[in-house]
Amino acid sequence: MISIRTIVSETGEVKNHNQKYPYRLNFYSIPPIEEITTEEFEVFALDRLQVLKAIESASLRSRTELQVADHIRDISNQYLPLHSTDGGKNYPLEQERRKDHISHFILRLAYCRTEELRKWFIKQECALFRIRFIEENKEERQAFLNNERLNWNDLSQNEKESMKNELSHANPHIKFNDETFFIVDFEQVLDLVSRRAVYIKAGKAYVPTSEQVTLVVGEFRKRLSAALNLASRAFPSIDDERILPLLNNINQQYLGKTYVYNNNTIVDKVTADNVDQMVGHFPLCMQHMHIKLRELHHLKHFARMQYGLFLKGIGLTVEEALIFWRKSFSSITDEKFQKEYAYNIRHSYGMEGKRQDYSPLNCNSIIMNKQPGPGDQHGCPFKHFSEDNLKVFLTQTGVKKDEHLKAILDIVKGKHYQVACTKYFEITKCLEDSISRGDDERHLMETIKHPNNYFEQSVKLSKINNSQNSK
Ligand code: SF4
């Protein structure tokens, strides 16, 4: 069991809080003080991370607020469900809120370590809080704010009427008669100021209730930022060997499923002779290695490993793999192939040496490990290609519009390689335009985390399209 007493509140003290969670919304001012199992610790942390990464990915892919909210609701229901008191009578509200509470504090600890991690965590947590706040009903919201003593001075009815022109003019979208206006220092609502959505006079901003979320999120951000700074000072004193490895590496954790040869059922049969027909379903990294294999009749060790394990993951048996690689290495003799390559192929299927059944590599390990040098073909094109080479390859493989090209390259510049890969998927599978138009929001997909997941998604999509076309 792990005691999470070490997680301190923003005042530095560990309070004994009421175990009940009266509200769905939480400012996470009071740390959890119970003991949890190491398994819960890990599962809670990784489940919350799924949600935060989904928020990041959806916003980087230029989705509307509505699309992001819909997507996050789906992902949250899967990993971190959190129902409102009002509509959640049939759900285990206490358990849901406990998980939300504890998982926030675990990630707070994991993400307090550097300025960059803190910024990332604050951004995604604020976005999550914002979505939840907007979705919450009015009474629950007000009760939560009262409990947090977040009451701002509001404009009296007479003052409101006397300023009607200025207030309406500042934000023509509001329903003036339905609004109450809060008076706050303009620094508290810089977001609204930059959007020119509030009236400002003498350093004060007049915020309509419909924009209250900005004020509340501002407060959430302020408190979280202070709490993270405090946690960063406490972090060096943590010496629990059971949790330190997870905390130190969580931002690089692979969050998807493991692909192994025998659980693949997405395509009927993969053989040495039909791999070429499937390349259209491959992610860019695998397309690149396949093209190079056909061109050079050879691939170096790490490319053979990366591509070979991917093919194994889509269902290529060891017998078919031996035929595939033998035919592909057409410029060498049989003897050389048997001596130098056949053993490694059988080894990767667990039939030689330690008899370990190797799994296909996920995106994290392709991106982070074994950087390709000159003449190497392995790696991730989004990470390892120069901008010019990537541009050419993207164009050759289906990205035709300049705006699409620019959108992908901008994401790559921000070093979000898996998000760029997801965007590439959406663009080349013609999902992008329908998502942008809002025709079909179901297509807002999870971020690609594994080349075999890319393949699976692509095959599934083409099956859906085929069955729709045949109707
Ligand atoms: S993000 Fe992953 S699947 Fe996409 S190209 Fe890079 S390594 Fe391949």
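Residues numbered from 1 in each chain as written. Predicted model: local features only at pLDDT ≥ 70, side-chain atom pairs only at ≥ 80, totals over all residues. Heavy atoms only, no water.

Quick look at the site of the ligand
Step number 1: In the vicinity of the ligand, the contacting residues are Pro283, Cys285, Cys363, Ile366, Cys380, Pro381, Phe382, Gln418, Cys421 and Pro451.
Step number 2: In this structure, the ligand is accommodated by the largest cavity.
Step number 3: Considering only residue class, the shell around the ligand consists of nine nonpolar, one polar and no charged. (Near = heavy atom within 4 Å. 1 Å grid on protein atoms, 1.4 Å probe; cavity = no way out; pocket = protein on both sides within 12 Å on 5 of 7 lines; lining within 4 Å. Sits in = over half its atoms within 2 Å of the grid points. Nonpolar A, V, L, I, M, F, W, Y, C, P; charged D, E, K, R; others polar.)

Quick look at the domain arrangement of the protein chain
Think of interface size as the accessible area that goes away when the parts come together; that is how it is often given.
Step number 1: With domains assigned, the protein chain is organised as domain 1 (2-148 + 218-252), domain 2 (157-214) and domain 3 (261-469).
Step number 2: On a C-alpha basis, the centres of domain 1 and domain 2 stand 30 Å from each other. (Domains from an automatic or database assignment.)

Examining the pattern of salt bridges
Step number 1: Considering all chains together, one arrives at 29 salt bridges under this definition.
Step number 2: The salt bridge partner of glutamate 40 is arginine 98, with a shortest N-O separation of 3.1 Å. In this pair, glutamate 40 is assigned in helix α1 (residues 38-60) and arginine 98 in helix α3 (residues 93-110), connecting sequence segments 58 residues apart.
Step number 3: Here glutamate 456 makes a salt bridge to lysine 460, at a shortest N to O gap of 3.9 Å. With glutamate 456 and lysine 460 both in helix α22 (residues 451-469) and four residues apart, this pair spans about one turn of that helix. (Salt bridge = Lys/Arg side-chain N within 4 Å of Asp/Glu carboxyl O. Helix = DSSP H or I, 4+ residues; strand = E, 2+ residues; numbered from the N terminus.)

Looking at the environment of valine 198
Step number 1: Within the secondary structure, valine 198 is located in the loop between α8 (190-194) and β4 (199-201).
Step number 2: Note on valine 198: relative accessible area 9%, which makes it buried.
Step number 3: On a C-alpha basis, the gap between valine 198 and glutamate 166 in space is 9.5 Å, while along the polypeptide they are 32 residues apart.
Step number 4: Ignoring anything within four residues of it in the chain, the contact list for valine 198 reads Ala170, Leu192, Val193, Ala205, Tyr206, Val207 and Pro208. (Buried < 20%, exposed > 50% of the residue type's maximum accessible area, 1.4 Å probe, protein only. Contact = heavy atoms within 4.5 Å.)

Points about empty space enclosed by the protein
Step number 1: Using the criterion set out here, one finds four cavities of 30 Å³ or more in the structure.
Step number 2: Volume-wise, the largest cavity comes out at about 120 Å³.
Step number 3: Taken together, 15 residues line the largest cavity, and the ones lying closest to its centre are Pro283, Cys285, Cys363, Cys380 and Cys421.
Step number 4: Elements represented by at least two residues in the lining of the largest cavity include exactly α12 (284-296), α16 (363-368), α17 (381-384) and α20 (417-428).
Step number 5: Classifying every residue of the lining of the largest cavity gives 13 nonpolar, two polar and no charged.
Step number 6: As a volume, the second largest cavity reaches approximately 60 Å³.
Step number 7: Lining the second largest cavity we find Gln50, Lys53, Ala54, Ser57, Arg61, His71, Ile75, Met445, Glu446, Thr447 and Lys449. (Points joined across faces, edges and corners; volume = space filled by probe spheres on them.)

Some thoughts on the UniProt feature "binding site: [4Fe-4S] cluster" (unreviewed entry) in the protein chain
Step number 1: The feature "binding site: [4Fe-4S] cluster" (unreviewed entry), as annotated in UniProt, sits at Cys285, Cys363, Cys380 and Cys421 in this numbering. Over a stretch of 137 residues, the named residues converge on one spot in the fold, their C-alpha atoms separated by at most 10.0 Å. When the annotated set is filtered for residues lining the largest cavity, what remains is Cys285, Cys363, Cys380 and Cys421.
Step number 2: Along the chain, cysteine 285 turns up in helix α12.
Step number 3: Not counting chain neighbours up to four residues away, the residues in contact with cysteine 285 comprise Gln306, Gly379, Cys380, Pro381 and Pro451.
Step number 4: Along the chain, the position of cysteine 363 falls in helix α16.
Step number 5: The contact partners of cysteine 363, leaving out residues within four places of it in the chain, are Gln418, Ile448, Lys449, His450 and Pro451. (UniProt positions renumbered as here; feature names shortened; annotations may be inferred.)

Regarding the packing of aromatic side chains
Step number 1: One pass over the full model with this rule turns up 28 aromatic pairs.
Step number 2: Here the aromatic rings of phenylalanine 27 and phenylalanine 144 are separated by 5.3 Å at their centres, their planes lie at 70°, and the arrangement is edge-to-face. Here phenylalanine 27, found in the loop between β1 (2-3) and β2 (35-36), pairs with phenylalanine 144, found in helix α5 (residues 138-147); they are 117 residues apart in sequence, far enough to count as distant. Pair check on accessibility: phenylalanine 27 and phenylalanine 144 agree, each one buried.
Step number 3: Judged by centre distance (4.9 Å) and plane angle (90°), the rings of phenylalanine 329 and tyrosine 341 are edge-to-face. Of this pair, phenylalanine 329 sits in the loop between α14 (318-328) and α15 (334-348) while tyrosine 341 sits in helix α15, placing them twelve residues apart in sequence. One exposure class covers both phenylalanine 329 and tyrosine 341, and it is buried. (Phe/Tyr/Trp six-rings, centres within 6.5 Å; stacked < 30°, edge-to-face > 60°.)

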